[in-house]
Structures are given as C-alpha cells and as structure tokens.
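Fold and contact review
The primary structure of each chain is shown beneath.
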Amino acid sequence: MAETTWSDERLVAAARSGDIESLTALVSGAHPHVQRLARSLCATPEDAEDAAQEALIVLYRKIGTLRASSALVSWMFRIIRNECVRRARLMMRSQPPRTEATAAPSAEDEVFERLEAARVAAAIAALPTDQRQILIMRDVQGLSGRMVADLLGLSTSAMKSRLHRARAAVQRTLSGPALGDLDD
C-alpha cells in the first residue's frame, strides 16, 4: 500500500459524498499521517496527541465542506497547525507556578524575562502571516527548511527568502527601544 493511499482523490470524493465506508477508510488511513504531522508541529507529545485527535474529529464531521478532494493534506495540515498554536497559547497563558525545589529567579529577573518574552512574541505576531508561519516552523519548532517548504507548497528558495525577511523584521523590532525605555 502506498503512503499517499489514504488521500486518494477517489476515496476523498466518496467520503465527501457521504459514503460511510470511504469515510471510515479515510479517517483510519489518515491517522498515522496526522499523528506524525502533529508530533512535528506541537510543543508536547500530549498536545500532539490531542491535536491529532481533534483533526480526525474535524475530518470526520466536516469532510463534506472540503472544496477539492486534492486539498485534503493541506486542509489537515492547517487544522493541526491551528490546534497546536491554540494549545501553545493556552500553555503560555497558564504557566504553572514555580515550586520551591526550582531555583526561582529574583522578582526583577522575572519581570525582565517576561518583558523580553512579550517583546519577542509581539515582534513575531506583527509579522505577515506567511512570514510568521515560516519563522515559527523553522526557528521555534525546528523543522527542516525542506519540510517547511513542502508543507507550505513553496520552493525552498521562496521559503528561505520569507524566512530571511521575517528574521530581519524581528531583529529590527527587537533592536528598537524596549517597552518602558524613555525617548529623549
């Protein structure tokens, strides 16, 4: 059985039309691919498992809304990516309190760390979507350039160009005055 059999256009088309056997085969065949992709995009194995499960639920419930059978893989990628990002944001908002066993930084160091993290997050958030996506996939998630280019349907040179522009924009933003700096 070929690796891409799960996304065969005839199988997807039949599932989109409501054929239960095709839908079951599609979800079953997609499972290992969805899990592998989620593991490469999510921050933790638990988040990856949850994102993969969510993607399969969406696939099962909303396959009929897919416009083109050939778009299945990119649709699943977007669902998984969005779920991983959502989970990462939740994790950032609810950082667990430090235990006494953990050497706690001084209150001043903690404030500076939070301010710097907020500056970096704001600089990344201000990027255009295509640049932000590539920067996160390459520099935060550590995916290879080839994998990022393939996942986004770009040539490697286009991906590198966007990554360079994203890094340069973040660098410019971070080299500017920090929040709270006084301008004379």
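Please refer to the structure higher up on the page.
Notes on the structure follow. (Residues numbered from 1 in each chain as written. Predicted model: local features only at pLDDT ≥ 70, side-chain atom pairs only at ≥ 80, totals over all residues. Heavy atoms only, no water.)

Right, let's talk about the overall build of the protein chain for a bit. On a plain count of helices and strands, the protein chain comes out with eight helices and zero strands. In the protein chain, the succession of helices and strands from N to C terminus is α-α-α-α-α-α-α-α. For the protein chain, the residues scored as buried account for 31% of the 184 residues in total. Once local pairs closer than 6 in sequence are excluded, the contacts in the protein chain between residues at least 24 apart make up 61%. (Helix = DSSP H or I, 4+ residues; strand = E, 2+ residues; numbered from the N terminus. Buried < 20%, exposed > 50% of the residue type's maximum accessible area, 1.4 Å probe, protein only. Contact = heavy atoms within 4.5 Å.)

Let us look at the packing of helix α2 (residues 20-41) against helix α4 (residues 72-93). Interhelical geometry of α2 versus α4 gives an angle of 45 degrees and a closest axis separation of 10 Å. If you check the angle between α2 and α4, you find them oblique. Between α2 and α4 lies a crossing of right-handed hand. On α4, the residues touching Leu 26, Val 34, Leu 37, Ala 38 and Leu 41 of α2 are Leu 72, Met 76, Phe 77, Ile 80, Arg 81 and Cys 84. (Axes fitted to C-alpha atoms, helices over the stretch in contact; angles between N-to-C directions. Parallel < 35°, antiparallel > 145°, perpendicular 65-115°, else oblique. Left-handed = near helix turned anticlockwise from the far one by under 90°.)

It is worth spelling out the pattern of salt bridges at this point. Taken as a whole and assessed by the stated rule, the structure comprises six salt bridges. When the shortest N-O distance is used, the salt bridge between Arg 162 and Asp 130 registers 3.5 Å. One end of the pair, Arg 162, is in helix α8 (residues 156-175); the other, Asp 130, is in helix α6 (residues 129-140), with 32 residues separating them in the sequence. Classification of Arg 162 as partly exposed rests on a relative accessible area of 24%. Accessibility expressed as a relative area gives 28% for Asp 130, which makes it partly exposed. (Salt bridge = Lys/Arg side-chain N within 4 Å of Asp/Glu carboxyl O.)

Let us look at the packing of α6 against α8. Contact geometry for α6 and α8: axes closest at 8 Å, N-to-C directions at 95 degrees. As the angle between them shows, α6 and α8 are arranged roughly perpendicular. Of the residues in α8, those in contact with Asp 130, Gln 131, Ile 134, Leu 135, Arg 138 and Asp 139 of α6 are Met 159, Arg 162, Leu 163, Arg 165, Ala 166, Arg 167 and Val 170. When its residues are assigned to classes, the contact of α6 with α8 shows six nonpolar, one polar and six charged. (Nonpolar A, V, L, I, M, F, W, Y, C, P; charged D, E, K, R; others polar.)

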